[in-house]
Amino acid sequence: MRRNFSTGRLAWLLLAVFVVSFTAVQAQPVKHVTFTLPSLDYDVIYLGDFIDVTTQKLSNNIPNFTGTIQTDVPGYIVLEVHAYIKFRGESDQELAHVVTYPFFVNGTRPLTSSDLAVGSSDIKMKISTNVFDGNSALKKRIEDYAARFPTAPVADYTMQLIAYDSKGVNQIGQATKLITIRNASPEEVQVNLIDPQPGAVISTTLPTFSWNTPNSKVTLYVYEMLPIYQSPQEAITGIPYLKLDIDGPQTVTYPSDAARRLELNKTYVWFVEAAVTTNRQTVQRRSEVRLFRIRLNDQSSQEISDMMNGFGGSAAGTFATLQSIGWVPAGTMTIDGKPLTLDDLKALVARLLAQNVQVTVRVE
């Protein structure tokens, strides 16, 4: 016997098969969750941007906090979040604990600070402890600090995200983010120069620079001290001879392949600038500006420099001042209008020293 199916019946049959298949796909439980979290790599953070100390709740609008949640299949998950603080030399202490009701993730969805703080339209909080709940000592410690400083204490901050299945039983994903706050404020970051010393005479065109600062990312600047400049501070308004970004080491030798090479008989100034990153902006902290000279290839000028420094007192001080503005001994020496050779000068200096004569030098 032959049976005939109308077109309408066939369409309804195909629709039924499609609905059953679609429902089966939707019914698949989520087995794996992947989190993508923002870097939040700061030296300094402003506490009020992360925590409302007055209400003791996480901020619902943390700057630059945008992550993602990705599931292997569309489905419901439960999210648990822990936030910890660890002061130097101490153990972790919990700042916050959040557990959500099951919410739907259609493959990928954004994760914002409002999701973790107050919950979005589709993410509701089952457990949401206030910051410092159950730890009155930590609460007072943070509140006292916040009353004096706008920034967060120096510490390690850890955020832990754990994903569970829709029943909140089986763990199906986890991510941990460590944020190390290295400085209490940009102003506390100091950059101290070590070598070359102020006014140093360097015997190489490839000098080694060293400094000390708690921040790893710095920029080394070297400028030529041209005769038109009256001070090292004026020299750095020009075009740098060298600008070198450094991450990590606190000593570096002038690159042999630099676009501009240092030259004999010239004077240069240098400084180091550290970048202090905050969640609001990057602040530059600069060292002092120091001057150095490449060793003179004129032996007589070098001996004059050594002799003046040997006098000490005002003579050495005045000569150092002249060197600091880039002055180089040059020309013909005279005494009472008569030319003076280097040997004559040496003999004169020896006689003065033997007679214990105090030498005063002034610039006219």
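Everything that follows concerns the structure shown earlier in this document.
Residues numbered from 1 in each chain as written. Predicted model: local features only at pLDDT ≥ 70, side-chain atom pairs only at ≥ 80, totals over all residues. Heavy atoms only, no water.

Student: Looking at this structure, how should I read the sheet that holds strand 1 (residues 33-36)?
Tutor: The strands making up a sheet are joined through hydrogen bonds of the backbone, oriented either antiparallel or parallel. The strand order across the open sheet formed by three strands is 1-4-8, and the pairing between neighbours is antiparallel. Of all the strands in the sheet, the pair left with one neighbour each is strand 1 and strand 8 (108-112). The average undirected angle you get between the axes of adjacent strands in this sheet is 25°. Note: strand 1 against strand 4 (residues 66-71), four bridges, orientation antiparallel. Bridge pairing in strand 4 links phenylalanine 35 to isoleucine 69. (Pairing = 2+ DSSP bridges. Helix = DSSP H or I, 4+ residues; strand = E, 2+ residues; numbered from the N terminus. Axes fitted to C-alpha atoms, helices over the stretch in contact; angles between N-to-C directions.)

Student: Would you mind going over the nonpolar core with me for this structure?
Tutor: Most often, soluble globular proteins keep nonpolar side chains buried together rather than apart. Counting 39 residues, the largest nonpolar core has Val33, Phe35, Ile69, Ile77, Leu79, Ile85 and Tyr157 as its most contacted members. Looking at this core, the elements that each hand over two or more residues are strand 1, strand 5 (75-86), strand 6 (93-100), strand 7 (103-105), helix 3 (136-148), strand 10 (155-164) and strand 11 (171-181). If near-sequence neighbours (up to four positions away) are discounted, phenylalanine 35 is found in contact with Thr68, Ile69, Leu79, Leu161, Ala163, Gly173, Gln174 and Ala175. Ala200, Ile202, Tyr254 and Trp270 belong to the second-largest nonpolar core, a separate cluster that totals 22 residues. (Core = buried A, V, L, I, M, F, W, Y, C linked by side-chain atoms within 4.5 Å. Buried < 20%, exposed > 50% of the residue type's maximum accessible area, 1.4 Å probe, protein only. Contact = heavy atoms within 4.5 Å.)

Student: Could you clarify how one ought to interpret the sheet that holds strand 14 (residues 208-212) in this entry?
Tutor: Taken together, three strands build an open sheet; the order of strands is 12-14-17 and the sheet is antiparallel. Strand pairing shows two members of the sheet lacking a second neighbour, strand 12 (192-195) and strand 17 (251-253), which therefore form its edges. For this sheet, the mean inter-axis angle between neighbouring strands, taken without regard to orientation, is 25°. Two elements, strand 14 and strand 17, share three bridges in a ladder whose sense is antiparallel. The residue of strand 17 that forms the bridge with serine 210 is threonine 251.

Student: It is not clear to me how the packing of aromatic side chains should be interpreted in this structure. Could you clarify?
Tutor: How two aromatic rings sit relative to each other is set out by the distance from centre to centre and by the angle between their planes. On inspection of all chains with the given rule, the structure shows nine aromatic pairs. Through pairs of rings, three or more aromatic residues link up here, namely Phe209, Tyr241, Tyr268, Trp270 and Phe292. We note arginine 280 situated over the ring of tyrosine 46; from NZ or CZ to the ring centre the distance is 4.1 Å. (Phe/Tyr/Trp six-rings, centres within 6.5 Å; stacked < 30°, edge-to-face > 60°. Lys NZ or Arg CZ within 6 Å of the ring centre and 35° of its normal.)

Student: Teacher, can you tell me more about the pattern of salt bridges here?
Tutor: If charged atoms from side chains of opposite charge come close, those side chains can pair. As enumerated under the stated definition, the model contains seven salt bridges in all. With its nearest N and O atoms 2.6 Å apart, the salt bridge here joins aspartate 43 to arginine 182. In this pair, aspartate 43 sits in the loop between strand 1 and strand 2 (51-52) while arginine 182 sits in the loop between strand 11 and strand 12, placing the two residues 139 residues apart along the sequence. For arginine 290, the salt bridge identified is with glutamate 288, shortest N-O distance 3.2 Å. (Salt bridge = Lys/Arg side-chain N within 4 Å of Asp/Glu carboxyl O.)

Student: Even after reading the chapter, I still don't get helix 7 (residues 342-354), so can you show me in this structure?
Tutor: Because an α-helix packs 3.6 residues into every turn, residues spaced three or four apart end up facing the same way. Under the 1.5 Å per step criterion, the end-to-end length of helix 7 is 18 Å for 13 residues, consistent within 8% with the ideal 18 Å. For helix 7, the set of buried residues is Leu342, Leu345, Leu348 and Val349. What you see down the axis of helix 7 is that its buried residues fit within an arc of 120°, all on one side. With respect to the buried face of helix 7, the exposed residues turned more than 90 degrees away are Asp343 and Ala354. Looking one or two residues past helix 7, asparagine 356 carries a phi angle of roughly 55°, positive in sign. (Expected span 1.5 Å × (residues − 1). Arc of directions from axis to C-beta.)

Student: Any chance you could explain the pairing of strand 11 here in plain terms?
Tutor: Regular strands place side chains that alternate from one sheet face to the opposite one. Two strands pair when backbone bridges link them, and strand 10 and strand 11 are joined in this way by 10 bridges, in the antiparallel orientation. By the bridge assignment, aspartate 156 is partnered in strand 11 with threonine 180. In sequence, strand 10 turns back onto strand 11 through a hairpin of six residues, with glycine 168 there showing a positive phi of about 70°.

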